[in-house]
Amino acid sequence: MSIQLIQQYYTAVEKIIHYSGSRNEGSLRKPFQDLLEQYARSKNLLLVSEVEMVSRKGNRIRPDGVFKDALRQDWGYWESKDEKDVLDDEIATKIAKGYPTFNILFEDTHNAVLYQGGEEIMRAAFTDASALDRLLTRFVSYQPAEVVEFRKAIELFSAEVGGLADTLRRVITEQLADNPQFKTALDEFLELARKAINPNIEMADVREMIIQHVLTEDIFMRVFDEAEFHRENIIARKLQEVAGTFYHGETKRNIHARVAPYYETINAKASQISDHHEKQKFLKALYGSFYKAYNPKAADRLGIVYTPDEIVRFMIESADHLLDKHFGKTLGDKGVEILDPATGTGTFITELIEYLPAQQLEYKYEHEIHCNEVAILPYYIANLNIEYTYKQKTGKFKEFENICFVDTLDNMGFEHTGKQLNFFGLTDANAERIVRQNSKPIMVVIGNPPYNAWQENFNNQNANRVYREIDRRIKETYIKQGRAQKQMAVYDMFTRFLRWASDRVGKDGMIAFVSNNSFIDSRAYDGFRKVISQEFNEIYIVDLKGNARTSGERRKREGGNVFHDDIKVGVAIYFMVRMNNKKGCRIYYNAIDDFAISEDKRSYLRDNRMGDISFSHLRPDSKFNWLNTTGNNWDELLPIIDKDVKAGLKGNAIFEKFSRGAETTRDEWVYDFNEDNLIKKINFFINIFNQDVIELKGLSESDASRKLNKEIKWSSSLVPMLLRGKSILLNNEKIFPCLYRPYVKTNIYFDTGLIHRLGVNPEFFPTPESENRLIIFNGRNSVYWTTFASKYLLDLNALYGGAQCIALYRYTNNGRVENITEWALSQFQKHYKDKKITKEDIFHYVYAVLHHPAYRVKYEINLKREFPRIPFYEDFWKWADWGRRLMDLHINYESVPAYPLERMDLVAEETRKALSTRLLARKEAGDIEVDTFTTLKGVPAEAWEYRLGTYSALEWVLERYKEKKPKDPTIAEKFNTYRFKDYKEQVIDLLGRVCAVSVETMKIVKEMGEAE
Ligand SMILES: C[S@@+](CC[C@H](N)C(=O)[O-])C[C@H]1O[C@@H](n2cnc3c(N)ncnc32)[C@H](O)[C@@H]1O
């Protein structure tokens, strides 16, 4: 659990011995008790001292400590002995006396002995920190057999839940067709839901609600003994009416027969355990697995993922701390109204109930704790959890009337007049609750709003719906103040919730959200950062890292994800405090250690209080960067490209047009080293596509999408073509030479339809023979920055973050023109007072500067965030000349004389037979193992230094010529013709040339460094 805790224990013991001069049981018991308490806390257990009890033999016994849960059940015992006693004798005596042995720890401050299930299972010396940690972890993690079995039953159920929901879905579709009473009831309910919940609700959403309703009925009744829930809860009652029109008789019996066995096992196990926390885990599993299995898109859109307890507890304690610090109030005080706007299973509210002092709870529960949820299953679960937790703590049941079934983001009625909440005339209890909530001044908004935790690909057609009002507020604040290009990203679910919450809390108040950590440093969020630092006076960020969409060293540093490694985005906890009488904003930042695993991150939150964490004070720069501010002269340099210049709106950048590399979305189809194979693939693809154009003619988008022939790879740009009835013609003229990766040339079929996005590339290369030169560098927000050049078209993913290309020429209707602005020419000629400078010279100057080591170091952070800017160095012609030499080398790498590598071929006949490809770089030895037969020797060390991101130029070649199994099933089955042996001699030749290019490049780069 935490070796650190044990180290702290050692320190405490040493101190006591030093101060008291003794080490008897009495004086050393306290630090060990503290240590046990910390371990117990992680399992929601409390260590209670010296409770008298009757042993199984009828004796009165008094262990030194008992672990108890919230239901006062015993989970384990601790017995501390003096070091003068013989521990094993003492253990024997205690056991003989009838001390319970299902989970008991004996220790004498030298050794610890753990008994579980009546037997000694582990022993550890106190001096062995890791053994002691293991022993204590086992001690507090003890699980009674019934809990273990209950968990197994849940796992089985979770695996099955998707199938169950599918059955229900089928039944509902049948019923809609055959049962008019059901159809009418469903239509009426839809109407009501649109009025009371959200005008955009569709029939599919209502169907979902019914499925979730039916699915929960049995669970609540059997597992939770909540037979009345569906009759009493205000929303469930309505859904019960609708469900009642079809879910009875045979239909109900049939479905029931399928689900009953699962419920029965779960129920049987559940009846043996009374701990509600355990049962809550079941509900959480149901919440996550139901959505993920049955409706992954909804899971993504709604951000269905429950929040680990450690995060929730930390946020509540911290919110309390900040309230006290800034307003002299606590969460329990009257007048502090608290709202969770996206409550899920209600974790924040239940934790709050457990956290608040008992005497303040009743009033808060009735009046000042609020929450919202928009999906029916979590809404029900939250109701159950909240009411149960309250009952457990106070001993009485009380309906929780402050939970609303509502789309929080659509509910702007509290202030904005744009949309009237037309609840009047409707006697809907839920609508009344919403109106009541809206009349409350909210001081604390706390929770885990959704943020598309799994959305990896925009093409998965799961873009969030539009929220007109809230999006307008985002536009007039975060977007208006931002300068970044890709501002669409700002209409993220989290930003919407933050915008909503910022408008919702009063002049004195705070927001505590856990969310994606990219808002701290993402470029697109510059306006967002600016505005929140204007709208709040103190911002605290605890950055828990864990971004899994990174690679290499950075990925390792990100460590595990605090959400039990269940999500891929990096995570941060944000606290934002607004104070009426304060001006300005202070931003405080704390980041968890690099490499920390998921469990360590939760321990960190468990073991640290907000007041103890050391935060660093961030000072934003003029562009609203909070982290990695640069403090250099970047803004004074010449912009290399600019989107307004590209659009023809202004002229002050060096180049006019720029383009991302070719974005195919189907690399395996449109690239091939072998032209004949490429044509075969394209032919096959086009035939299938054209066939579908005919067969699916006239169908709606959703019907057509379902019936697409999946033998080929579809994409969001290809489906609309099909719907427009546009067929594709094979055109051999569209085969272009292309750099797929640095120094790896292949063929691409470059035409609309097969290529997802062509970019501006057709202006750079209108035909396969068009002459041009490209300078290439990474897209923004890349983990590394590098540059190279090409005389061929380029693939988008030739570099990490998407390759950006700037060309020397553009081809227009009037022929070839230079792609460099007049503005740039005059800037250079004026600065150097030299009219002889041409646009081509500037092109070369730029290329040289981008290679300059000092430039790359000085502007490292800027280059990762923005398009490059170019300084004027002293001797223009020297730089232009370096640039010309580098450009020549890089674009003509195929004809540069090869570096004299020594080729070693084995002669043994057996080796020749068992030939297998290697393509391995052995840098230290200076070797390249081509295959089991051939090795190239004598690669100079500096050749490996010519790096283009993760690989050196040589390694790019080695990597790309390896044989790989295609991912696309059709390609794998029909067109997997690439064999390294067919290219072996070509690759050996290429390696020699790329080696020469590398050595020569490093020579020029070194000259630049020495000239500084
Ligand atoms: C990340 S989860 C909250 C998890 C919760 N803290 C827990 O541990 O169970 C987000 C929840 O917000 C709900 N939600 C998403 N969009 C919403 C909206 N616009 N209004 C209200 N609730 C919403 C989702 O259904 C989901 O249950």
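All residue numbers refer to positions counted from 1 along the written sequence of the respective chain. Local features are withheld for residues below a pLDDT of 70 in this predicted model, meaning they are given only at 70 or higher, and side-chain atom pairs are given and counted only at 80 or more; totals for whole chains, interfaces and linings count all residues. Values reported for side chains reflect all heavy atoms of the structure, with hydrogen atoms and water molecules removed beforehand.

Overview of the pairing of strand β24 (residues 787–790)
Definition in use: Accessible area is worked out with a 1.4 Å probe on protein chains only. A residue is then buried under 20% of its type maximum, exposed over 50%, and partly exposed in between. Here a strand is any run of E in DSSP of at least two residues, a helix any run of H or I of at least four, and the numbering for each starts at the N terminus. Note: two strands are recorded as paired if DSSP finds a minimum of 2 bridges between them.
Side-chain alternation along β24 places T787 and A789 on one buried face and F788 and S790 on a second face that is also buried. Two strands pair when backbone bridges link them, and strand β23 (residues 774–778) and β24 are joined in this way by four bridges, in the antiparallel orientation. Bridge pairing links I775 to A789 in β24.

A word on the site of the ligand
Rule in force here: Throughout, near means a residue has at least one heavy atom within 4 Å of the molecule or strand. Nitrogen and oxygen atoms within 3.5 Å of one another constitute a polar contact, given that in protein one can donate a hydrogen and the other can accept it, and given that sequence-neighbouring residues count only through two side-chain atoms. To measure how exposed things are, a 1.4 Å probe is used in the Shrake-Rupley method; for residues, cover is taken only from the protein chains shown. Amino acid classes used here: Ala, Val, Leu, Ile, Met, Phe, Trp, Tyr, Cys and Pro are nonpolar; Asp, Glu, Lys and Arg are charged; the rest, including Gly, are polar.
Around the ligand, the surrounding shell holds 26 residues, and the nearest of these are Y287, T307, T345, T347 and E373. Contact distances for the ligand include 2.6 Å between an oxygen atom and a side-chain N or O atom of T345. Backbone polar atom of T408 to a nitrogen atom of the ligand: 2.9 Å apart, as the coordinates give it. Calculation on the ligand without its partners gives an accessible area of 600 Å², and the protein chains cover 99% of this total. For the shell around the ligand, a count of residues per class yields 16 nonpolar, eight polar and two charged.

Section: helix α5 (residues 145–178)
Heads up, the rule is: To estimate how far a helix should reach, multiply one less than its number of residues by 1.5 Å. For a residue, the bend is simply the angle between two axes, fitted respectively to the seven-residue segment ending there and the seven-residue segment starting there.
Between its first and last C-alpha atoms α5 spans 48 Å; for 34 residues at 1.5 Å apiece the expected length is 50 Å, and the two agree. Along α5, the helix axis deviates most sharply at E160, where the bend reaches about 40 degrees.

Side note on the confidence of the model for the protein chain
Quick note on the threshold: For every residue, the predictor assigns a confidence score, pLDDT, that lies between 0 and 100. Contacts between residues were defined by any pair of non-hydrogen atoms, one from each residue, lying within 4.5 Å.
Per-residue confidence for the protein chain averages 86 on the pLDDT scale, and 91% of its residues sit at or above 70. Contacts from residues 415–427, a stretch scored under 50 in pLDDT, to residues over four places away or in other chains number 18 contacts. For the stretch residues 453–463, pLDDT sits under 50, and the model shows 30 contacts to residues farther than four places along the chain or on other chains.

Description of the environment of D69
Among the secondary structure elements, D69 is positioned in the loop between β4 (65–68) and β5 (74–80). Overall, D69 belongs to the buried group, its relative accessible area being 9%. Linking D69 and F327, residues 258 residues apart in sequence, is a C-alpha distance of 34 Å.

Some details on the sheet that holds strand β15 (residues 571–578)
Keep this limit in mind: A fitted line through C-alpha atoms serves as each axis, taken over the contacting stretch for helices, and the angle formed by two N-to-C directions is quoted from 0 to 180°.
If you trace the nine strands from one edge of the open sheet to the other, you get β11-β10-β9-β12-β13-β15-β14-β16-β17, paired in mixed fashion. For this open sheet the edge positions go to β11 (403–405) and β17 (616–618), each flanked by a neighbour on one side alone. Taking the axes of each pair of neighbouring strands and ignoring which way they run, one obtains an average angle of 20 degrees across the sheet. On the sheet, helix α19 (residues 493–504) packs against β9 (338–340), β12 (442–447), β13 (505–516) and β15 and is oriented at approximately 165 degrees with respect to β13.

Observations concerning the environment of R918
Within the element layout of this structure, R918 appears in strand β31 (residues 917–922). Residue R918 is classed as partly exposed on the basis of its relative accessible area, which comes to 32%. Between the alpha carbons of R918 and V930 there is a distance of 5.3 Å; along the sequence they are 12 residues apart. If sequence neighbours within four positions are ignored, R918 has contacts with E929, V930, D931, T932 and K962. A polar atom in the side chain of R918 sits 3.1 Å from the side chain of E929.

What about the packing of aromatic side chains?
Selection rule: Ring geometry is summarised as follows: Phe, Tyr and Trp rings, the Trp one being its six-membered ring, pair when their centres sit within 6.5 Å, and such pairs are stacked at plane angles under 30 degrees, edge-to-face over 60 and tilted between the two. Over a ring means this: the NZ of a Lys or the CZ of an Arg is within 6 Å of the ring centre and within 35 degrees of the ring normal.
Per the stated rule, a full pass over the model turns up 56 aromatic pairs. Here the aromatic rings of W669 and F685 are separated by 5.2 Å at their centres, their planes lie at 70 degrees, and the arrangement is edge-to-face. Here W669, found in helix α24 (residues 667–670), pairs with F685, found in helix α25 (residues 675–695); they are 16 residues apart in sequence, far enough to count as distant. Exposure class is identical for W669 and F685. Each is buried. Taken together, the aromatic side chains of Y478, F494, F513, F519, Y525, F528 and Y574 make up a single cluster linked through ring pairs. Its guanidinium or amino end placed over the ring of F658, K646 lies 4.3 Å from that ring's centre, counting from NZ or CZ.

Remarks on the pairing of strand β6 (residues 103–107)
Within β6, five of the five residues are buried, which leaves it mostly tucked inside the rest of the structure. Across the two faces of β6 the burial is the same, with N103, L105 and E107 and I104 and F106 all buried. Of the pairings in the sheet, the one linking β5 to β6 comprises four bridges and is parallel in character. Bridge pairing in β6 links S80 to E107. Hairpin connection from β6 to strand β7 (residues 111–116): three residues lie between these consecutive antiparallel strands, with T109 at a positive phi of about 65 degrees.

Side note on the sheet that holds β23
One open sheet accounts for four strands, arranged β19-β26-β23-β24; its pairing is antiparallel. Each having just a single partner strand, β19 (658–660) and β24 make up the two edges of the open sheet. The average angle at which neighbouring strand axes cross in this sheet is 30 degrees, direction not considered. Summarising the sheet, β23 and strand β26 (residues 803–807) pair through five bridges and their orientation is antiparallel. Bridging from a neighbouring strand, I775 pairs with I806 of β26. Of the strands in this sheet, β23, β24 and β26 are in contact with helix α30 (residues 839–851), which crosses β23 at around 30 degrees. Most of the contacts of helix α33 (residues 876–891) go to β24, to which it runs at about 65 degrees, and overall it touches β23 and β24.

A short note on a positive patch on the surface
What counts, and what does not: Residues with no salt bridge and a relative accessible area higher than 30% make up the patches, which join like charges within 9 Å and nonpolar side chains (Val, Leu, Ile, Met, Phe, Trp, Tyr) within 5 Å. Here, a salt bridge means any Lys or Arg side-chain nitrogen found within 4 Å of an Asp or Glu carboxyl oxygen. Counted as positive: Lys and Arg. Counted as negative: Asp and Glu, with His and the chain ends omitted from the count. The atoms used to mark charge sites are NZ of Lys, CZ of Arg, CG of Asp and CD of Glu.
A cluster of basic residues, K325, K582, R586 and R619, forms a positive patch at the surface. Note on placement: K582 falls in the loop between β15 and β16 (586–591). Given a relative accessible area of 42%, K582 falls into the partly exposed group.

Considering the pattern of salt bridges
On inspection of all chains with the given rule, the structure shows 63 salt bridges. Of the charged contacts in the structure, one is a salt bridge between E317 and R41, with a shortest N-O distance of 3.4 Å. With E317 in helix α13 (residues 309–327) and R41 in helix α2 (residues 25–41), the pair connects residues that are 276 residues apart, well separated along the chain. In this structure, the salt-bridge partner of D594 is K545, at a minimum N-O distance of 2.7 Å. Here the residue D594 occupies a position in the loop between β16 and α22 (598–607), and K545 occupies one in strand β14 (residues 538–545), the gap between them amounting to 49 residues. A relative accessible area of 30% places D594 in the partly exposed class. Given the relative accessible area of 13%, K545 is considered buried.

Observations concerning helix α17 (residues 429–438)
Residue pairs three or four apart in sequence face the same way in an α-helix, which turns once every 3.6 residues. Stated precisely, the cut-off is as follows: Here the arc refers to the directions that run from the helix axis out to each C-beta atom.
Along α17, the positions that sit buried rather than exposed are N430, A431, R433, I434, Q437 and N438. Buried residues in α17, looked at end-on, bunch into an arc of 155 degrees, giving them a common side.

Some words on the environment of L36
Relative to the assigned elements, L36 resides in helix α2. Exposure remark for L36: the relative accessible area of 0% places this residue in the buried category. Considering only alpha carbons, one finds L36 and W78, 42 residues apart in sequence, at a separation of 9.1 Å. In this structure L36 touches L47, F67, W78, L105, L136 and F139, once residues within four positions along its chain are discounted.

Things to note about the nonpolar core
This is how the line gets drawn: Residues enter a nonpolar core if they are buried and are Ala, Val, Leu, Ile, Met, Phe, Trp, Tyr or Cys, with the set joined through side-chain atoms within 4.5 Å.
If you look at the biggest cluster of nonpolar residues, it comprises 141 residues, and the most contacted ones within it are I573 and F575. Contact partners of F575, with chain neighbours within four places excluded, come to F314, M315, S318, A319, L322, M510, I511, A512, E538, I539, Y540 and M610. Listed in part, the 128 residues of the second largest apolar core include F689, V719, L793 and L954.

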